[in-house]
Amino acid sequence: MCDESYWAAGRDYDVVARSIEGSLPYSVFHGSEQVAFARIVTDGATLAWICDVFVATGHRGRGLGRWLVDSIVEDLTDQGVARFMLATKDAHEVYRRAGFSELEGADRFMKLDRRPTRAAILGQA
């Protein structure tokens, strides 16, 4: 996963493990093989940030990612969470079909990002 996704490039295993420990993980299995994963950062009451969505290469293009996201939204909505957020570089249509839209008022949001660039991680900088 760390090498196949743009959002986890160069992440050490222990960082991935800690991120999962502090989140609500969802997985999809085909038999004993994990074929999809998503990590949810949530307070369990008002907001859920869907992140690190990943579908294994051989299982893409079949709607599994959308099914996973739909299942997460349904599960957390049943628990009372009403606001969901996510960010994507290249899967906007997948998320639109799941009911997501561009963030209104994005200029109100701010970030502090201390991660190295992908080029630096891959030794290309």
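Residues numbered from 1 in each chain as written. Predicted model: local features only at pLDDT ≥ 70, side-chain atom pairs only at ≥ 80, totals over all residues. Heavy atoms only, no water.

Undergrad: Can you help me understand helix H2 (residues 64-78) in this one?
TA: One turn of the α-helix equals 3.6 residues, which is why residues spaced by three or four share an orientation. Taking 1.5 Å of rise per residue, 15 residues should cover 21 Å, and H2 covers 21 Å from first to last C-alpha, within 8% of that figure. For H2, every residue scored as buried is listed here: Leu-64, Gly-65, Leu-68, Val-69, Ile-72 and Leu-76. Down the axis of H2, the smallest arc covering the buried residues is 135°, so these residues share one side. Among the exposed residues of H2, those pointing more than 90 degrees away from its buried face are Trp-67, Glu-74 and Asp-78. Those residues of H2 that are buried lie in contact with strand S1 (24-30), strand S2 (33-42), strand S3 (47-55), strand S4 (83-86) and helix H3 (92-97). Just beyond H2, the residue with positive phi is Gly-80, at close to 105°. (Helix = DSSP H or I, 4+ residues; strand = E, 2+ residues; numbered from the N terminus. Expected span 1.5 Å × (residues − 1). Buried < 20%, exposed > 50% of the residue type's maximum accessible area, 1.4 Å probe, protein only. Arc of directions from axis to C-beta. Contact = heavy atoms within 4.5 Å.)

Undergrad: Where do I start with the environment of Ala-45 in this structure?
TA: By secondary structure assignment, the location of Ala-45 is in the loop between S2 and S3. On the basis of relative accessibility, which here comes to 45%, the residue Ala-45 falls in the partly exposed class. C-alpha of Ala-45 to C-alpha of Leu-76: the two residues are 31 residues apart in sequence and 8.8 Å apart in space.

Undergrad: Is there a simple way to explain the side chain of Ser-19 in this structure?
TA: The residue Ser-19 is located in helix H1 (residues 13-21) in this model. A polar contact is formed between the side chain of Ser-19 and the backbone oxygen of Val-16, at a distance of 2.7 Å. (Polar contact = N/O pair within 3.5 Å; in protein donor to acceptor, adjacent residues only side chain to side chain.)

Undergrad: What is the right way to read the side chain of Ser-23 from this model?
TA: If you trace the backbone, Ser-23 turns up in the loop between H1 and S1. Excluding residues within four positions of it along the chain, Ser-23 makes contact with Arg-39, Ile-40 and Val-41.

Undergrad: Even after reading the chapter, I still don't get the pattern of salt bridges, so can you show me in this structure?
TA: Opposite charge on two side chains permits pairing when their charged atoms draw close. Applying the stated rule across the entire model yields five salt bridges. The closest approach of N and O atoms between Asp-52 and Arg-39, which form a salt bridge, is 2.7 Å. Linking Asp-52 in strand S3 with Arg-39 in strand S2, this pair joins segments that are 13 residues apart in sequence. Each member of the pair, Asp-52 as well as Arg-39, carries the same accessibility label: buried. Notably, a salt bridge pairs Asp-70 with Arg-66, separated by 3.3 Å at the nearest N-O pair. On the criterion of helical spacing, the pair formed by Asp-70 and Arg-66 is a turn pair, its members being four residues apart in helix H2. With a relative accessible area of 32%, Arg-66 lands in the partly exposed category. Three or more residues joined by partner-sharing salt bridges are found here, namely Glu-93, Arg-96 and Glu-102. (Salt bridge = Lys/Arg side-chain N within 4 Å of Asp/Glu carboxyl O.)

The values are spatial; any link to function lies outside them.
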